[in-house]
Amino acid sequence: MRKHKLSRRKFMATTAAASATMIAAPFVRTANAAGKISIGFWDHWVPGANIATKTVVEEWAAKEKVEVQIDYIPSAGSKNLITIAAEAQAKAGHDIFAHPTWSPQGYAELLEPVDDVMTDLIKEHGKVNATVEYLGRANGHWLAVPATVGSQIKGPCSRIDLMKSLAGIDVQAMYPAGSPPKADAWTLDAFLKAAEACHKGGKPFGIGLGGTSDSVDSVGMFFHAFGAMLVNEKGELTVKSDKVRQAMEYLKKLAAFLPPDAPAWDDASNNKWLVAGNGSMILNPPSAWAVAKRDAPKVAEQCWTHGSPAGPNGRYAPFLPYFWAIWGFSKNKPAAKSLLRALSTRAAAEKMVAASAGYDLPSFEKLTDFKTWAEESPPKGTLFHYPNPFNHQILSVSAAPAPPKIAFQIYTQAVQTKMVVRFMQGEPLEKTLAWAEQECEGFLRT
Amino acid sequence: MVDAVLPGQGQVAAKAVRRSSLRKTMQRKSTIAFFMTLPLILLVALLVVYPALYAVHLATLNKGMTKFIGFGNFQFLFRRETFWMVVQQSCIFALTAVFFKAIIGFVVAHFVHNIPAKGQRKWRGMLLVPWVIPPAMSTLCWLWLFDPSYSAFNWVLGLFDVGPIHWTGDAYWARFSVILVNIWIGSPFFMIMYLAALKSVPEQLYEAAAIDGANWWQRIWYVTLPMMRNIIAITALFSLIVTFANFDIVQILTAGGPIDKTHVFATWAFRVGIQSIDIPQGAAVSLFMVPILAIAAIFILRDISKRGSEV
């Protein structure tokens, strides 16, 4: 029998190689390494959409021999935000949690960086848009992976018939299914004229001016189109600027053509407005259309999701990504990272998009060509332009480009919509701006 | 007669005395009461005292919760226009709601008291319904009645060519709406408390007043009200605390809008602390309720104990 003598040099080399393999391997399953993992997913409001994440996780768990526990936590009543806050305080809870738009920035210090996962995903699926980077990165590190589930663009969803008959705009010709948009004439002026015409015709645009996300995103889109910002990227107050004044004057004119109770609208109001056949346009992801398909098929047949109007600063569309983040206190980080990779494959994303009838949006540039958006109907092609396939819009989030921790406060306190309502209700513009400046000044504190 | 005490006998006696005094202590009513309430005291300490102290601790931290800043959060709040608006609104909301709940409760309690005993139970049960339904559920029904676009009230008003009223869209109507719902939910509590107080007023007092020629109003003013004063004060205090801390009605009906005009302490603390991820600031907002309620409680309870000692 030959005897192997292990030299010191050989021992060192073998150990180094083994360590490198262990660090580099995404997640290597051994008999006891798999362990347990718990996930807090967002409870999708499209019926049956949760099945996609459940299937992907279960397949991954079976392959990796990991015991998983999935909880679907709704955002209604801010239940997900309350759970996140509780887990952050207790430093215990789920390993992976689906964080809404601003949450990763709010809990940046408590999240496990996922630079390695994001580097690989970007290599595989292409770049992510600037808004995802703005919301998902802090101090040079990726805080979380942009989730397909829950991510959305809140562009216009118009009534084909009403826009044609009342405003003389053919939205299908402007945004043809399968072809690039021909929307050069779709500007803020055209939008305002159309709003006026539809208001006169008794079918006003359904844009809320309340304190919830849909209202804030809509108003934010107009601010961006004018290049108006309350706080700039350096964290300096820019409320009293000409661009902000222009945006406010425009929004005051627009508000006159919106439903008079718009200041009380929440995120359900615009959906109900469209489904009930009361209006000719809302700014919303296709969830309203999906409900109309079930409850008011005649309305759904006339819906067309398309791009936003362009302003002096460009054509902006509100984009709200969800993020899958790993808590720093997670006891099974390698498995969590492995699962994030599994959830972010092209096949998994396609499954999620299909299960949500096109509502969910992957954030990577090579993942905007799924057949779901081209094939969903009625009418066929209604969602073709929803994922911004020709990149003709700049995807943005209201209150950007202020430093995220400040922008987050501006967003959740709905400062921009409150400014519009105050001004609309007769407050002098300079007084409104002074109020907004004082509010934003308060958000600068650390 | 024993001339000498055996060694050790003193110790035994002392032990016996100690044992008997322990037994006496254990047999004392107050001791038994203490031990019987101990589980509740521990529960209160765990669920009330600990969170309260933790809230005080949180309110002294900076936004990132990384360093102690003392009263920094409170100083910051005092400079905010929105905060003072919330203080004002919370006071308007709580005082108006409690006042009307007390009036309605008092009137309805009299009506019910005057119903013959046979049918009274049925009425009592029916009138308690708004109070026993979970507030979140009944407020949702009210939300549908006030819905911005599909208000059932507006539909009815429309039949008479009135309205539409923007119940939750106009600041003043929104305030009216949240107060109205609070009154609707809270009045039965006052009613049942006042009814119990009314039943305990001796009938002879009314008979004596009638013999003295007192009219209906004088009987209320000189007999009923003085006999009910303690119950009225306790009920008002209890309701004031609960109404000040109200969250569900405002959150469901208006979420503090439009333009923050219906925010109360709890909803604004939630908006700032949880939704805007500024837990220390949220804790500071919610703690601001404590001094206001403590002052109210001191005055009311002092008045009650003063009257108690007079009796």
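These numbers come from a predicted model, not from an experiment.

A separate point is the overall build of chain B. Secondary structure assignment for chain B yields 15 helices and 0 strands. Taken against the 2.2 N^0.38 rule, which gives 19 Å for 311 residues, the C-alpha radius of gyration of chain B at 27 Å runs more than 25% over that of a compact globule. The proportion of buried residues among the 311 residues of chain B is 32%. Residue pairs at least 24 apart in sequence account for 64% of intrachain contacts in chain B once pairs closer than 6 positions are excluded.

Per-residue pLDDT for chain B has a mean of 87; in total, 92% of the residues score no lower than 70. Note that pLDDT drops below 50 for residues 1-5 of chain B; the model gives that stretch 1 contact with residues more than four away or on any other chain.

Mapped onto the elements of the fold, Cys 141 of chain B is located in helix α7 (residues 135-146). When the C-alpha positions of Cys 141 of chain B and Ala 266 of chain B are compared, they lie 22 Å apart, and in sequence the two are 125 residues distant.

At the interface, 29 residues of chain A touch 21 residues of chain B. For the side of chain A that touches chain B, the secondary-structure elements that each account for two or more residues are α3 (79-90), α12 (269-275), α18 (404-412), α19 (415-424) and α20 (429-443) of chain A. Tallied by class, residues from the side of chain A that touches chain B come to 12 nonpolar, 12 polar and 5 charged.

Moving on: the environment of Pro 378 of chain A. Along the chain, Pro 378 of chain A falls in the loop between α17 (371-375) and β12 (394-396). Judged by local crowding, Pro 378 of chain A falls into the partly exposed class, with 15 C-beta atoms found within 10 Å.

On to the nonpolar core. In this structure, Val 145, Leu 230, Trp 324, Ile 410 and Val 420 of chain A are the most contacted members of the largest nonpolar core, which totals 191 residues. Looking at this core, the element that brings in the most residues is helix α9 (residues 171-199) of chain B, giving 13 residues. Apart from the residues within four sequence positions on either side, Leu 230 of chain A is in contact with Thr 238, Val 239, Ala 399, Ala 402, Ile 410, Val 415, Ala 436 and Cys 440 of chain A.

Turning to unusual backbone geometry, a few remarks are in order. Residue and element names in this part refer to chain A. Following Ser 377, the chain continues to Pro 378 via a peptide bond in cis, the omega torsion being 0 degrees. Along the chain, Ala 400 connects to Pro 401 via a cis peptide bond; the corresponding omega equals 10 degrees. Its place among the elements puts Pro 401 in the loop between β12 and α18. Residue Ala 414 is not a glycine yet carries a positive backbone phi of 50 degrees. Take Ala 414: it is sitting in the loop between α18 and α19.

All names here are of chain A. Where burial is concerned, most of strand β11 (residues 314-326) is hidden: 12 out of the 13 residues are buried. Inspection of the sheet shows strand β6 (residues 145-153) paired to β11 by 5 bridges, in the antiparallel sense. Residue pairing in the sheet places Pro 146 in a bridge with Phe 323 of β11. Hairpin connection, strand β10 (residues 310-311) to β11: the antiparallel pair is bridged by 2 residues. Of the strand pairs in this sheet, β11 and β12 are connected by 3 bridges, and their pairing is parallel. Bridge pairing in β12 links Pro 318 to Ser 396.

Conventions we followed
Each residue is numbered by its place in its chain's sequence as written, counting from 1. Just so you know, chain letters begin at A and ligand numbers begin at 1, following the order they were written in. Side-chain atom pairs in this predicted model are given and counted only at pLDDT of 80 or more, local residue features only at pLDDT of at least 70, and totals for whole chains, interfaces and linings cover all residues. To qualify as a helix, a DSSP run of H or I must reach at least 4 residues; to qualify as a strand, a run of E must reach at least 2; elements of each kind are numbered from the N terminus. In this setup the radius of gyration rests on C-alpha atoms only. A globule is expected at 2.2 Å times the number of residues raised to 0.38. Here a residue counts as buried when 20 or more other C-beta atoms sit within 10 Å of its C-beta, as exposed when there are 12 or fewer, and as partly exposed otherwise, the C-beta atoms being derived from the backbone. We call two residues in contact if the C-beta atoms placed from their backbones are at most 7 Å apart. Note on scores: pLDDT gives the predictor's confidence for each residue, bounded by 0 and 100. We call Asp, Glu, Lys and Arg charged. Ala, Val, Leu, Ile, Met, Phe, Trp, Tyr, Cys and Pro are nonpolar, and the rest, Gly among them, are polar. In these notes, a nonpolar core means any group of buried Ala, Val, Leu, Ile, Met, Phe, Trp, Tyr and Cys residues linked to one another through C-beta atoms within 7 Å. Two strands form a pair only when DSSP identifies at least two bridges running between them.

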